Amino acid sequence: MDRISVTGITATGHHGVFEHEKREGQPFTVDVVLHTDTTRAALSDNVRDTVHYGEVSELVVDQIQAGPWDLIEKLAEQIAQAILTGYPSVARVDVTVHKPQAPIPVPFDDVTVAISRVQREHRAVLALGSNLGESRQTLQAAVRELQDHPQVRVEAVSPLALTKPVGGPGGQPDYLNQVIAVRTTLDPHQLLDLCQQVEREHHRTRTVRWEARTLDVDVITYDQLVLQDERLTLPHPRAHLRGFVLAPWSWMDPDAVLGGQLVSRLAAQAEDTPGIIRL
Ligand SMILES: Nc1ncnc2c1ncn2[C@@H]1O[C@H](COP(=O)(O)OP(=O)(O)OP(=O)(O)O)[C@@H](O)[C@H]1O
Ligand SMILES: Nc1nc2c(c(=O)[nH]1)N=C(CO)CN2
């Protein structure tokens, strides 16, 4: 994993066990190392595709000035959690807090606490479809490729659904559809990148909307996240209407919920559900 680090971020804080420390304050210095994939930023040369180290440094200063806490262990934890929450693309963060003027009654250079914390895992549901080529093998290979990513764990795989094409040019072959549940430390955009990378590995092309395809991998949900930007809409904007997503999802997880409604109920209402065969 790539690393972005900032060292020596300094501000006055009021942390300490002693009353005079809380009253008078003293300098605290923090070093952070952000473990994050910088490939996308290197391609786009756009700061929005990476972690802005200036913003992170300001967040660290806010945390030094917050509290006060008794312990620098607590301050280090607060900083680590604030970074992981604010920046889902940071997979791991190392935080070192220095307190060079700590009230230690012997000569010393510095006292530090160094911690390392990892991004918590997120739950996502992905929908796969194929109606060109050897669809069964393609889906099997795609699930394996997703599972092989170091930041993805496949938790559940639905039975295959044989479905009639919904929308798009007429005369297309039937689809095989499948839904999987994953745990991941990837952020939503990285997960979409991975889905599209797997699609490309299976020679997916995009010319006509909803035309036949060797492989489609969509992100259906990511935790409870609601998001809409130029690349990604979550939950997937058409999933609640698609029997070919809802039916296999409900077979895999009968208690699954989408937008506050049971997926099995939505599946029963979807127009294309009557034509779906469970394989
Ligand atoms: N939740 C999502 N999952 C996958 N792609 C999404 C999502 N939200 C937005 N998109 C965007 O949709 C674009 C088109 O995706 P794609 O070519 O797979 O569409 P499609 O599968 O033909 O149609 P549909 O989006 O109706 O399933 C992608 O480039 C992606 O940026
Ligand atoms: N049966 C079926 N129909 C579709 C599918 C699909 O996966 N299965 N995907 C589409 C666009 O993503 C459009 N239509």
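Each chain has its residues counted from 1, running along the sequence as written. Lettering of chains starts at A and numbering of ligands starts at 1, both following the order in which they are written. Residue-level local features of this predicted model are given only where pLDDT is at least 70; pairs of side-chain atoms are given and counted only at 80 or more, and the full residue set underlies all totals for whole chains, interfaces and linings. Computation of side-chain values covers all heavy atoms of the structure but excludes hydrogens and water.

Participant: What's the story with the sheet that holds strand β1 (residues 3–13) in this structure? I'm lost.
Facilitator: The pairing of strands in a sheet happens through backbone hydrogen bonds and is either parallel or antiparallel. Paired strands, as defined in this entry, are two strands with at least two bridges between them according to DSSP. By the criteria applied, helices consist of DSSP H or I runs no shorter than four residues and strands consist of E runs no shorter than two, each listed in order from the N terminus. In spatial order, the strands read β1-β2-β3-β4; together these four strands make up an open sheet with antiparallel pairing. The open sheet is flanked by β1 and β4 (112–118), the only strands paired with a single partner. Within this sheet the neighbouring strands show an average axis-to-axis angle of 15°, counted without direction. Contact between two residues is taken to exist if any of their heavy atoms lie within 4.5 Å; hydrogens are not considered. As a rule, the C-alpha atoms of each element are fitted with a line to give its axis, helices using only the stretch in contact, and angles between N-to-C directions run from 0 to 180 degrees. Seen against the sheet, helix α3 (residues 53–65) touches β1 and β2 (26–36) and runs at an angle of roughly 35° to β1. Lying over the sheet, helix α4 (residues 72–86) contacts β2, β3 (90–98) and β4, oriented at roughly 150° with respect to β3.

Participant: Whenever I open this one, the nonpolar core confuses me. Can you help?
Facilitator: In summary, soluble globular proteins display a tendency toward joint burial of nonpolar side chains. Counting 28 residues, the largest nonpolar core has V32, V60, I79, I83, V95 and V97 as its most contacted members. Mapped by element, the contributors of at least two residues to this core are β1, β2, α3, α4, β3 and β4. Among the elements that make up this core, the one with the highest residue count is α4 (eight residues). Ignoring anything within four residues of it in the chain, the contact list for I83 reads V32, L34, V56, L59, V60, V90 and V93. What we call a nonpolar core is a set of buried Ala, Val, Leu, Ile, Met, Phe, Trp, Tyr and Cys residues that are connected through their side-chain atoms within 4.5 Å. For every residue, the accessible area obtained with a 1.4 Å probe (protein chains only) is divided by the maximum for its type, and the residue is called buried under 20%, exposed over 50%, and partly exposed between those limits. Within the second largest apolar cluster, 25 residues are counted, among which are L126, V143, L186 and L191.

Participant: Help me understand the environment of Y175 in this model?
Facilitator: Here Y175 shows up in strand β8 (residues 175–184). According to the relative accessible area criterion, Y175 is buried, its value standing at 11%. Setting aside anything within four residues of it in sequence, one finds Y175 in contact with G129, S130, N131, A161, L162, T163, P165, E211, A212 and R213.

Participant: I would appreciate a short explanation of the site of ligand 2 in the present structure.
Facilitator: Inspection of the region around ligand 2 gives G129, T163, K164, P165, V166, Y175, N177, W210, R213, D216, R242 and F244 as its neighbouring residues. Throughout this description, a polar contact denotes any pair of N or O atoms lying within 3.5 Å of each other; where both atoms belong to protein, one of them has to be capable of donating a hydrogen while the other can accept it, and for residues adjacent in sequence the pair is counted only when both atoms sit in side chains. K164 is positioned with one of its backbone polar atoms (N or O) 2.7 Å from a nitrogen atom of ligand 2. In this classification, the charged set is Asp, Glu, Lys and Arg, the nonpolar set is Ala, Val, Leu, Ile, Met, Phe, Trp, Tyr, Cys and Pro, and all remaining amino acids, among them Gly, are polar. In terms of residue class, the shell around ligand 2 is built from five nonpolar, three polar and four charged. We call a residue near a molecule or strand when any one of its heavy atoms sits within 4 Å of it.

Participant: Before we go on, may I ask you to explain the environment of V33 in this structure?
Facilitator: When you line up the elements, V33 lands in strand β2. Accessibility expressed as a relative area gives 23% for V33, which makes it partly exposed. Put simply, V33 and V152 are 119 residues apart on the chain and 23 Å apart in space, counted from C-alpha to C-alpha. Apart from residues no more than four positions distant in its own chain, V33 is found in contact with R3, I4, S5, R92, V93 and D94.

Participant: What am I meant to see in the pairing of strand β5 (residues 122–130) here?
Facilitator: Each regular strand carries side chains that alternate between the two faces of the sheet. Counting buried residues in β5 gives eight out of nine residues, a clear majority hidden from the surface. Pairing geometry for β5 and β8, over nine bridges, is antiparallel. Within the sheet, the bridge partner assigned to V125 lies in β8 and is A181. With six bridges joining them, β5 and strand β9 (residues 216–222) adopt antiparallel strand pairing. What sits directly across from L126, in β9, is V219.

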